[in-house]
Amino acid sequence: MQYEGKVYRPWPEARSILIQTTLGCSINTCTFCSMFDDKRFKVRDIEDVFKDIEQARHIYPFVDSIFLIDGNVMAARTDYLIKILDKLRHTFPEATKISMYSGLNDFRRKTVSELKEIKDAGLDMCYSGLESGDPLVLENIKKRMTREHAIEGMARAKEAGIETLLSFIFGLGGRERSREHIEATTDILNITKPEQIAPMALAIQPGTVMEQEVQRGEFLMPTQMQVLEEEKYLLENLNIDTFYWGDHGNNLVPQKGFLLDSREEFLGNLNRVIKANPMAKENIIQTFSW
Ligand code: SF4
């Protein structure tokens, strides 16, 4: 099987086979991200993808789950995606799940009937990066997506019946916009009602624009306490039934489960860490307003 450049998959897909369908990310401008800085976006030749699928069949006697990489595979043409999904469903009839990365703008650029065709061809779910619901944070990180785009894209996926996991980043508003960031992010999650959510704490990646912004003092890293308080605000104010993947390796209090069943337990875990945090006094003053 052919893999070009750095390869990523979401951590819930750790047991999936990875089929490289696109190369890179069609956005590639987000200031905090270096995932695909080694390649230009390209949709792979369909015959090459088919060869990889056939080879994977020879390697793996049983495949439960398949994840299409790289970044925003949904940017590819609808007929191309349908052919890939058909091939996967015929080659791996035992698979219970096929998923991919999709930008929220990619949903928005397809019609609901196109998205329904893609779902009917075998797509079970998508992973989409929201990052923040705050318009200013979205502008600062150069995501090329507005809050309105995100809401519209999610509405289209919902209408087509495509399940979505939305990921976002605690601390992405920095020290000065922590409150606005988490309030707007919680609000957009309540509006869009994703079936799954995955919050992760900000970690500066080497070689990114954000790393330079931190070095120049233009972006002030949030304190640990702010990150904890963001998660607390989120848990206290989300009113949707969703699966909470709060167990990313960057998170200070790893926890996952159905939100409605686990909210009190998650808040208890957070409050214990907030109380015990040796930086608490200094940081509480910085986040006093909420
Ligand atoms: S965060 Fe997502 S959309 Fe932005 S550059 Fe990275 S992979 Fe592309």
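Cut-offs used in this document
- Residues numbered from 1 in each chain as written.
- Predicted model: local features only at pLDDT ≥ 70, side-chain atom pairs only at ≥ 80, totals over all residues.
- Heavy atoms only, no water.
- Near = heavy atom within 4 Å.
- 1 Å grid on protein atoms, 1.4 Å probe; cavity = no way out; pocket = protein on both sides within 12 Å on 5 of 7 lines; lining within 4 Å.
- Sits in = over half its atoms within 2 Å of the grid points.
- Buried < 20%, exposed > 50% of the residue type's maximum accessible area, 1.4 Å probe, protein only.
- Helix = DSSP H or I, 4+ residues; strand = E, 2+ residues; numbered from the N terminus.
- Pairing = 2+ DSSP bridges.
- Expected span 1.5 Å × (residues − 1).
- Contact = heavy atoms within 4.5 Å.
- Points joined across faces, edges and corners; volume = space filled by probe spheres on them.
- Nonpolar A, V, L, I, M, F, W, Y, C, P; charged D, E, K, R; others polar.

Looking at this structure, how should I read the site of the ligand?
Close contacts around the ligand come from Cys-25, Ile-27, Asn-28, Thr-29, Cys-30, Phe-32, Cys-33, Phe-36 and Lys-143, and that covers them all. Of the pockets mapped on this structure, the ligand occupies the largest pocket.

How should the pairing of strand β6 (residues 125-131) be read in this particular structure?
A regular strand carries its side chains on alternate faces of the sheet. Counted residue by residue, β6 has seven buried out of seven residues, so it is predominantly covered. Because side chains alternate across β6, one face comprises the buried residues Met-125, Tyr-127, Gly-129 and Glu-131, and the other comprises Cys-126, Ser-128 and Leu-130, equally buried. Note: strand β5 (residues 97-101) against β6, three bridges, orientation parallel. When the bridges of β6 are listed, Tyr-101 appears paired with Tyr-127. Relative to strand β7 (residues 163-170), β6 runs parallel, the two being bridged by six bridges.

Which parts of the structure should I look at to understand helix α7 (residues 178-192)?
Along an α-helix, residues three or four apart share an orientation, since each turn contains 3.6 residues. For α7, built from 15 residues, the straight-helix expectation of 21 Å at 1.5 Å per residue is met to within 8% by its first-to-last C-alpha distance of 21 Å. For α7, the complete set of buried residues consists of Ser-178, His-181, Ile-182, Ala-184, Thr-185, Thr-186, Ile-188, Leu-189, Asn-190 and Thr-192. The secondary structure elements touched by the buried residues of α7 are β6, α5 (135-140), α6 (147-160), β7, β8 (196-201) and α9 (224-237). Lys-193 sits one or two positions beyond α7 and adopts a positive phi of about 50°.

When you look at the pairing of strand β9 (residues 243-246) in this model, what are you seeing that I'm missing?
Burial of β9 is two-sided: the residues Phe-243 and Trp-245 facing one way and the residues Tyr-244 and Gly-246 facing the other way are all buried. Bridge analysis of β8 against β9 gives two bridges, and the strand direction is parallel. Residue pairing for β9: Gln-196 is matched across the bridge by Phe-243. Bridging between β9 and strand β10 (residues 255-258) involves four bridges; their strand directions are antiparallel. By the bridge assignment for β10, Tyr-244 is matched with Gly-257.

Any chance you could explain empty space enclosed by the protein here in plain terms?
Rolled over the atoms, a probe as big as a water molecule pinpoints where empty space is left. Going through the model one piece at a time under the given rule, you end up with one cavity of 30 Å³ or more. Size it by volume and the largest cavity reaches roughly 30 Å³. Taken together, Phe-170, Ala-201, Val-227, Leu-228, Glu-231, Asn-251, Leu-252 and Val-253 form the lining of the largest cavity. Element by element, the count of residues in the lining of the largest cavity is highest for α9, at three residues. A per-class count over the lining of the largest cavity returns six nonpolar, one polar and one charged.

What am I meant to see in α9 here?
The end-to-end C-alpha separation of α9 is 20 Å, in line with the 20 Å expected for 14 residues at 1.5 Å each. Among the residues of α9, those classed as buried are Met-225, Gln-226, Val-227, Leu-228, Glu-229, Glu-230, Glu-231, Leu-234 and Leu-235.

What exactly am I supposed to notice about the environment of Phe-243 here?
Relative to the helices and strands, Phe-243 resides in strand β9. Each C-alpha atom, one on Phe-243 and one on Glu-230, is 18 Å from the other, the two residues being 13 residues apart in sequence.

What exactly am I supposed to notice about the side chain of Asn-72 here?
Among the structural elements, Asn-72 can be located in the loop between β4 (65-69) and α2 (78-91). By relative accessible area, Asn-72 is classed as buried at 8%. In this structure, Asn-72 is in contact with Gly-24, Cys-25, Ser-26, Phe-41, Tyr-101, Ser-102, Gly-103 and Asp-106, ignoring residues within four places of it in sequence.

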